[in-house]
Amino acid sequence: MENHDRRDESIGELVRDLAGETNTLLRQEIELAKAELSEKVRAAGKGAGMFGAAGVVALLSLGALTACLIALLATALDHVWLAALIVALVYGAIAGVLAMRGRDEVKEAAPPVPEQTIETLKEDVEWAKTRTRSAAR
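The shown structure was predicted, so the numbers you read here are calculated from the model rather than taken from an experiment. (Residues numbered from 1 in each chain as written. Predicted model: local features only at pLDDT ≥ 70, side-chain atom pairs only at ≥ 80, totals over all residues. Heavy atoms only, no water.)

**Some words on the overall build of the chain**
Right, so step 1: In terms of helices and strands, the chain carries three helices and zero strands.
Right, so step 2: Traced from its N-terminal end to its C-terminal end, the chain shows the element sequence α-α-α.
Right, so step 3: A globule of 137 residues ought to have a C-alpha radius of gyration of about 14 Å, yet the chain, at 31 Å, is considerably larger.
Right, so step 4: When the accessible surface of the chain is totalled, it reaches about 11,000 Å², and 67% of it is carbon and sulfur.
Right, so step 5: The averaged location of the 20 negative side-chain charges in the chain is 2 Å from the averaged location of its 16 positive side-chain charges. (Helix = DSSP H or I, 4+ residues; strand = E, 2+ residues; numbered from the N terminus. Rg over C-alpha atoms; globule rule 2.2 N^0.38 Å. Areas by Shrake-Rupley, 256 points an atom, 1.4 Å probe, with all protein chains shown as cover. Lys, Arg positive; Asp, Glu negative; His and termini not counted. Charge placed at Lys NZ, Arg CZ, Asp CG, Glu CD.)

See below:
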């Protein structure tokens, strides 16, 4: 594109050019936001899958540990059901503490937002304001 003095253009031409550049800029920002969110979602999905697999293996391990604890307590108590009840109550207390801490962590987490896109949109707004001011002169 040739380099010419924009001050020689009419207001209509400047507004038309500004509108075209704004549309192009908006499309580019939308594409950037899509790409950024897609990347974040892909990483979160992979992590969630790993957490799910870890949870299944931990559950299997916990079942074996529970059987072991009940058998161990049953040797010291007269009733097996009492040993199972004690183990269940301990697990319930642990689950309650973990649930409360998890709730607090979720509250503190920031919502996933396209931070880079927000920054570039702020820059674009400043750019558009500057262009509008210079066109008005």
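**Notes on the UniProt feature "transmembrane region" (unreviewed entry) in the chain**
Right, so step 1: In the numbering used here, UniProt assigns the "transmembrane region" (unreviewed entry) feature to residues 50-74 and 80-100.
Right, so step 2: The distance from the first to the last C-alpha atom of residues 50-74 is 36 Å, and the span holds 100% helix and 0% strand.
Right, so step 3: A distance of 31 Å separates the end C-alpha atoms of residues 80-100, which is 100% helix and 0% strand. (UniProt positions renumbered as here; feature names shortened; annotations may be inferred.)

**A look at the side chain of Glu 36**
Right, so step 1: You can see Glu 36 is positioned in helix α1 (residues 11-76).
Right, so step 2: For the buried Glu 36, which has no salt bridge, the nearest side chain bearing the opposite charge is Lys 40, at an N-O separation of 4.3 Å.
Right, so step 3: Among the polar contacts listed, one links the side chain of Glu 36 to the side chain of Thr 117, at a separation of 3.0 Å. (Buried < 20%, exposed > 50% of the residue type's maximum accessible area, 1.4 Å probe, protein only. Salt bridge = Lys/Arg side-chain N within 4 Å of Asp/Glu carboxyl O. Polar contact = N/O pair within 3.5 Å; in protein donor to acceptor, adjacent residues only side chain to side chain.)

**Some details on the pattern of salt bridges**
Right, so step 1: Counted according to the given criterion, the structure contains five salt bridges.
Right, so step 2: Between Arg 16 and Asp 17 there is a salt bridge whose closest N-O contact spans 3.7 Å.
Right, so step 3: Given a relative accessible area of 55%, Arg 16 falls into the exposed group.
Right, so step 4: Note on Asp 17: relative accessible area 21%, which makes it partly exposed.

**Focus: a nonpolar patch on the surface**
Right, so step 1: Side chains of Leu 59, Leu 62, Leu 65, Leu 69 and Leu 72 sit close together on the surface and give an oily, nonpolar patch of about 450 Å² of accessible area.
Right, so step 2: Relative to the helices and strands, Leu 65 is located in helix α1.
Right, so step 3: Note on Leu 65: relative accessible area 43%, which makes it partly exposed. (Patch = residues over 30% accessible without salt bridge, like charges linked within 9 Å, V, L, I, M, F, W, Y side chains within 5 Å.)

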